Amino acid sequence: STISVIGLGYIGLPTAAAFASRQKKVVGVDINQHAVDTINRGEIHIVEPELGEVVKAAVAQHFLRATTTPEAADAYLIAVPTPFKGDHEPDMVYVEAAAKSIAPVLKKGALVILESTSPVGATEQMAQWLADARPDLTFPQQAGEQADINIAYCPERVLPGQVMVELIKNDRVIGGMTPVCSARASELYNIFLEGECVVTNARTAEMCKLTENSFRDVNIAFANELSLICADQGINVWELIRLANRHPRVNILQPGPGVGGHCIAVDPWFIVAQNPEQSRLIRTAREVNDHKPHWVINQVKAAVADCLTTSGKRANELKIACFGLAFKPNIDDLRESPAMEITQLIAQWHSGETLAVEPNIHQLPKKLEGLCRLATLDDALNDADVLVMLVDHTAFKARSAESVQQRYIVDTKGVWR
Ligand code: SAJ
């Protein structure tokens, strides 16, 4: 039997590789020719620990192959992006294109699984696109258990940086359009899954994915709100959270420069878009987290003003160092990163030099070229007047607060303050 994975990005490629490593024939499909060529050479076009070796072996043993045109398969997994359009509305164009691209090659008995994070109702919508394209086949929305094609929603929930472990170990929510669809999807994932398949319907599974990331966003917003209140009250928020978390039923997350990445800052809006009246807390949490970078920048401006007064230097003689650009610790992923946003806005505002310290990269991203200088940790600690801690990379935490001489520190992660 053949498995076809549509979309060979951060989720699709690891999933394709996981099936192929269990000796299943996998055909990966992507519209990006560069990705397809890279994979067919046994290489990868994204950064994820352990993925490279698995893809290399799978391609060498002819279990994994990539192409730009969909082919007939027994099971399809769709793992394409679902970005925003307009005012935080989910954009289903890639799912629609993926569904329409497999429709012509779909054969009786096939299973189609949607993995992309999607608004509630997306699986039914996808089933309708398929049904419209293939009037010769029956689908679960008309034929129920007797349908020619089975359809399920099975969201991914892997943590970037730990994908190859979490893909296999995490439990998986299986939302079939019918019980038969769920049973077939469970059977498919059980090829590599060590976690459990937990069965529900498609709408609940769609909402479950959005709920998981909204839960985290709301909890981070709580921590970020506390950090603003504590700054105003002269209280160390990290000590406060450590103390409060000694209560057996309190477990507060960590404040930071804002919320980054491609999921937590996006998915809650899918809920808000569908139920704006009811999603007051979820929307407010998004706003609290999105506001945090601007609050940090104002803290930096205040620190710079103090430093100018006490040092007698002119603004253009003053050096600001920003520590960390990634969207979370110990990764090199700079996309959708509040640390990047803050560094860029500071560098644009500041008339003197801005140093960026990011031990996980060797070259500044385009956005910061000409605005900042990529500096080492030592250089920045020796040269800068004002320090801005943005990401709690292990390399930064290894420096004790005592070894840091500067008086003006804006520390969004509680590393040196
Ligand atoms: N963050 C904080 N404080 C914290 C924890 C995180 O400010 O206490 C920030 C991080 O610095 C980062 C952002 O939140 O900027 C998101 O990081 P993350 O590690 O919480 O999550 P992601 O975006 O890498 O992955 C999430 C995961 N979801 C949950 O933990 C509920 C992952 O399991 C999902 O599969 C992934 O989103 C996804 O693809 O949806």
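Remember, it's a predicted structure, so these values are computed and weren't measured experimentally.

Chemist: Could you give an account of the overall build of the protein chain, with specific residues and numbers?
Modeler: The helix and strand tally for the protein chain stands at 15 helices and 15 strands. Computed over the C-alpha atoms, the radius of gyration of the protein chain is 24 Å, within 12% of the 22 Å expected from 2.2 N^0.38 for a compact globule of 417 residues. Taken along the three principal axes of its C-alpha coordinates, the protein chain extends 80 × 50 × 40 Å. Buried positions account for 44% of the 417 residues belonging to the protein chain.

Chemist: Which residues make up the sheet that holds strand β10 (residues 197–201), and what values go with them?
Modeler: Spatial strand order, β3-β2-β1-β4-β7-β8-β9-β10: eight strands in an open sheet with mixed pairing. Only two strands of the sheet have a single neighbouring strand rather than two, namely β3 (64–67) and β10. Ignoring strand direction, the axes of neighbouring strands in this sheet form an average angle of 25 degrees. Alignment of strand β8 (residues 150–153) against strand β9 (residues 172–176), held across two bridges, turns out to be antiparallel. Note on β9: the bridge partner recorded for tyrosine 153 is glycine 175. Across the face of the sheet, helix α1 (residues 12–21) comes into contact with β1 (2–6), β2 (25–29), β3 and β4 (75–78) while running at roughly 165 degrees to β2. Sitting on the sheet, helix α9 (residues 202–233) touches β8, β9 and β10, and the angle it makes with β9 is about 145 degrees.

Chemist: Any chance you could break down the nonpolar core for me, citing the residues and the numbers?
Modeler: Of all hydrophobic cores here, the largest spans 66 residues; its most connected members are Ile6, Tyr76, Ile78, Ile113 and Ala152. Setting aside residues no more than four positions away along its own chain, isoleucine 78 makes contact with Ile6, Gly7, Val95, Ala98, Ile113, Leu114, Glu115 and Ser116. Counting residues in each nonpolar core, the second largest holds 37 residues, with Leu318, Ala321, Phe323 and Leu381 among its members.

Chemist: Can you lay out the UniProt feature "binding site: NAD(+)" (unreviewed entry) in the protein chain for me, pointing to particular residues and giving the numbers?
Modeler: Cross-referencing UniProt, the feature "binding site: NAD(+)" (unreviewed entry) maps to Tyr10, Ile11, Asp30, Thr82, Thr123 and Arg335 in the present numbering. A maximum C-alpha distance of 28.0 Å among these annotated residues, which run over 326 residues, shows that they spread across the structure rather than meeting at one spot. Looking at where threonine 123 falls in the secondary structure, it is placed in helix α5 (residues 122–133). You can call threonine 123 buried: it has 28 C-beta atoms within 10 Å. In contact with threonine 123, not counting residues within four places along its chain, are Leu114, Ile151, Tyr153, Gly175, Met177, Ala202 and Glu206. As for its position among the elements, arginine 335 is in the loop between β11 (320–323) and α13 (338–349).

Chemist: Give me the pairing of β4: which residues, what numbers.
Modeler: Residue alternation in β4 divides its side chains into two sets, Ala75 and Leu77 and Tyr76 and Ile78, and both sets are buried. Two strands pair when backbone bridges link them, and β1 and β4 are joined in this way by four bridges, in the parallel orientation. Along β4, the bridge assignment pairs serine 4 with tyrosine 76. Note that β4 and strand β7 (residues 111–114) share four bridges and pair parallel. In the strand pairing of β7, tyrosine 76 is matched with valine 112.

Chemist: Explain the site of the ligand residue by residue, including any values.
Modeler: The ligand sits among 19 residues. The nearest are Leu253, Gly256, Gly260, Gly261 and Cys263. Split by residue class, the shell around the ligand holds nine nonpolar, five polar and five charged.

Chemist: Explain the environment of alanine 326 residue by residue, including any values.
Modeler: Note that alanine 326 resides in the loop between β11 and α13. Judged by the 23 C-beta atoms lying within 10 Å of it, alanine 326 is buried. Separated by 32 residues in sequence, alanine 326 and glutamate 358 have C-alpha atoms that sit 7.7 Å apart. The residues contacting alanine 326, other than those within four sequence positions of it, are Ile331, Asp332, Asp333, Leu334, Ser337, Ala339, Glu358, Asn360 and Val391.

Chemist: Can you lay out the sheet that holds strand β15 (residues 408–411) for me, pointing to particular residues and giving the numbers?
Modeler: Read from one edge to the other, the open sheet built from five strands follows the order β13-β12-β11-β14-β15, with strand pairing classed as parallel. Every interior strand has two partners, whereas the edge strands, β13 (373–374) and β15, have only one. Alignment of strand β14 (residues 386–389) against β15, held across four bridges, turns out to be parallel. Among the inter-strand pairings, methionine 389 is bridged to a residue of β15, identified as aspartate 411. Where helix α12 (residues 280–311) meets the sheet, it contacts β11, β14 and β15, and its direction lies at approximately 175 degrees from that of β15.

Cut-offs and rules
Residues numbered from 1 in each chain as written. Predicted model: local features only at pLDDT ≥ 70, side-chain atom pairs only at ≥ 80, totals over all residues. Helix = DSSP H or I, 4+ residues; strand = E, 2+ residues; numbered from the N terminus. Rg over C-alpha atoms; globule rule 2.2 N^0.38 Å. Buried ≥ 20, exposed ≤ 12 C-beta atoms within 10 Å, placed from the backbone. Pairing = 2+ DSSP bridges. Axes fitted to C-alpha atoms, helices over the stretch in contact; angles between N-to-C directions. Contact = placed C-beta atoms within 7 Å. Core = buried A, V, L, I, M, F, W, Y, C linked by C-beta atoms within 7 Å. UniProt positions renumbered as here; feature names shortened; annotations may be inferred. Near = placed C-beta within 6 Å. Nonpolar A, V, L, I, M, F, W, Y, C, P; charged D, E, K, R; others polar.

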